[in-house]
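Residue strings, one per chain:
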Amino acid sequence: MNTAALMEAKGLMKAFRGAETPISVLESVDFLIGKGESVSIRGESGCGKSTLLNILSGLEQADAGSLTWGGVALAGKSGAALARMRAALMGFVFQAYYLAPELNALENVLLGARIAGRLTRAHKERAEALLVRVGMGGRLRHHATKLSGGERQRVAVARALINDPPLILADEPTGNLDEATGNAVMNLLLELVSEEGKSLVLVTHNPEYAARADRALTLHLGKLSQA
Ligand SMILES: Nc1ncnc2c1ncn2[C@@H]1O[C@H](COP(=O)(O)OP(=O)(O)OP(=O)(O)O)[C@@H](O)[C@H]1O
Ligand SMILES: [Mg+2]
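Residues numbered from 1 in each chain as written. Chains lettered and ligands numbered in written order. Predicted model: local features only at pLDDT ≥ 70, side-chain atom pairs only at ≥ 80, totals over all residues. Heavy atoms only, no water.

A. Spotlight on the overall build of the protein chain. Within the protein chain, the secondary structure is distributed over seven helices and ten strands. Here the C-alpha atoms of the protein chain give a radius of gyration of 17 Å, agreeing with the 17 Å that 2.2 N^0.38 yields for 227 residues. Once the C-alpha set of the protein chain is aligned to its principal axes, its extents read approximately 50 × 40 × 40 Å. Counting only residues that meet the buried cut, the protein chain has 47% of its 227 residues in that class. Taking all contacts inside the protein chain whose residues are at least 6 apart in sequence as the whole, residues at least 24 apart take part in 72%. Surface summary for the protein chain: the accessible area is close to 10,900 Å², and the carbon and sulfur share equals 52%. When the 25 positive and 23 negative side-chain charges of the protein chain are each reduced to one mean point, those points stand 7 Å apart. (Helix = DSSP H or I, 4+ residues; strand = E, 2+ residues; numbered from the N terminus. Rg over C-alpha atoms; globule rule 2.2 N^0.38 Å. Buried < 20%, exposed > 50% of the residue type's maximum accessible area, 1.4 Å probe, protein only. Contact = heavy atoms within 4.5 Å. Areas by Shrake-Rupley, 256 points an atom, 1.4 Å probe, with all protein chains shown as cover. Lys, Arg positive; Asp, Glu negative; His and termini not counted. Charge placed at Lys NZ, Arg CZ, Asp CG, Glu CD.)

See below:
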C-alpha cells in the first residue's frame, strides 16, 4: 500500500443495464491520488466522469474493482460508516451548486458541518472565515436564492472546506458560469486547495483548467489515461 494515497482504485468496472443494450461506462479504471496532489479528469460528455466521481466517493457502487480511502478498503462497510468516512475525507463542489434555497450563505456552509457532527463555535468561526476568504464576507446572511451563480459557487467552495477534509472533489464547478466568473471561481478553488494543502480531483471540460492540475488525465472509452 502507498501510505501517502488518500484514495486508490483498481480495476473499476461499471455498466448501466436498462431496457435496451447495457452501456459499459468504466472498463478497468485505476486511480490514485496522494496527499496535497491535484488531478484533473477530462473527457467527452457522457464518457463517465461523473459516474467515476460517484464511485470514488462511495455514492455509487462499481460492478467490479476495489477502492480504498486512506488505505481502508470500502468493501463491506455499512452506509452509515461510509457516510462518516466520506464526511471526514472529502468535500464536494458540483456544477449545480446544490445550496439549500431557504438557508442563507452562512447556514449553507454550516450545513456541511452539521452533517458531519455537532456544530461548535469553532465551526461557526471557520464558516465565517471561509466565506470571507471566498469574497462573501459582505453576504453572510444573504439567502441562497438572492445570490448570483458565481456567488453561489463561492459559497459551495466554502461549504466543501468546512470540515477541513484532505480531499475536494469538483465536478465541472464552472460549468454553469460565464467565462470571467468561471475563471474567478476556478482561481479561488485552486488557490484555496493549495493554501490549505488539500488534494483535488477536478472534472472539467476546460483544457486550461485541466492543465493547472499536477496530473491531467483523460477518460475515453472506459479507460483513464494521462492526457
Ligand atoms: N443511473 C444511470 N442509469 C443509466 N445510465 C446512466 C446512469 N448514470 C449515467 N448513465 C449513463 O452513463 C454514461 C456516463 O454518464 P456520466 O454522467 O458519468 O457522464 P459524464 O462524463 O459525467 O458526462 P458530462 O460531461 O455530460 O457530465 C452516460 O451515457 C449516461 O447516460
Ligand atoms: Mg458529468
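Back to the text.
B. Fine view of the site of ligand 1. As a structural note, the neighbourhood of ligand 1 is formed by F16, V25, E44, S45, G46, C47, G48, K49, S50, T51, E172 and H205. Between G48 and ligand 1, the recorded distance is 2.9 Å, taken from a backbone N or O atom to an oxygen atom. At 2.7 Å from an oxygen atom of ligand 1 is found a side-chain nitrogen or oxygen belonging to K49. For ligand 1, the protein covers 58% of the area, taking 640 Å² as the surface of the free molecule. Sorting elements by how many residues they give to the shell around ligand 1 places helix α1 (residues 49-56) first, with three residues. Across the shell around ligand 1, the residue classes tally to three nonpolar, six polar and three charged. (Near = heavy atom within 4 Å. Polar contact = N/O pair within 3.5 Å; in protein donor to acceptor, adjacent residues only side chain to side chain. Nonpolar A, V, L, I, M, F, W, Y, C, P; charged D, E, K, R; others polar.)

C. Representation of the pattern of salt bridges. Evaluated as defined, the whole model comprises twelve salt bridges. Between R133 and E191 there is a salt bridge, with the nearest N and O atoms lying 3.2 Å from each other. One end of the pair, R133, is in helix α4 (residues 121-133); the other, E191, is in helix α6 (residues 179-195), with 58 residues separating them in the sequence. Judged by its relative accessible area of 28%, R133 is partly exposed. Beyond isolated ion pairs, a larger network of salt bridges with shared partners links R126, D164, E196 and K198. (Salt bridge = Lys/Arg side-chain N within 4 Å of Asp/Glu carboxyl O.)

D. A look at the sheet that holds strand β4 (residues 64-69). Pairing within the open sheet is antiparallel, and its four strands lie in the order β2-β1-β4-β5. Every other strand in the sheet has two partners, leaving β2 (23-34) and β5 (72-73) as the edge strands with one partner each. Summarising the sheet, strand β1 (residues 5-16) and β4 pair through five bridges and their orientation is antiparallel. From the neighbouring strand, K10 faces β4, where its bridge partner is S66. Strands β1, β2 and β4 of the sheet are contacted by α1, whose axis makes an angle of about 125 degrees with β1. Across the sheet, helix α2 (residues 79-89) is in contact with β1, β4 and β5; its angle to β4 comes to roughly 55 degrees. (Pairing = 2+ DSSP bridges. Axes fitted to C-alpha atoms, helices over the stretch in contact; angles between N-to-C directions.)

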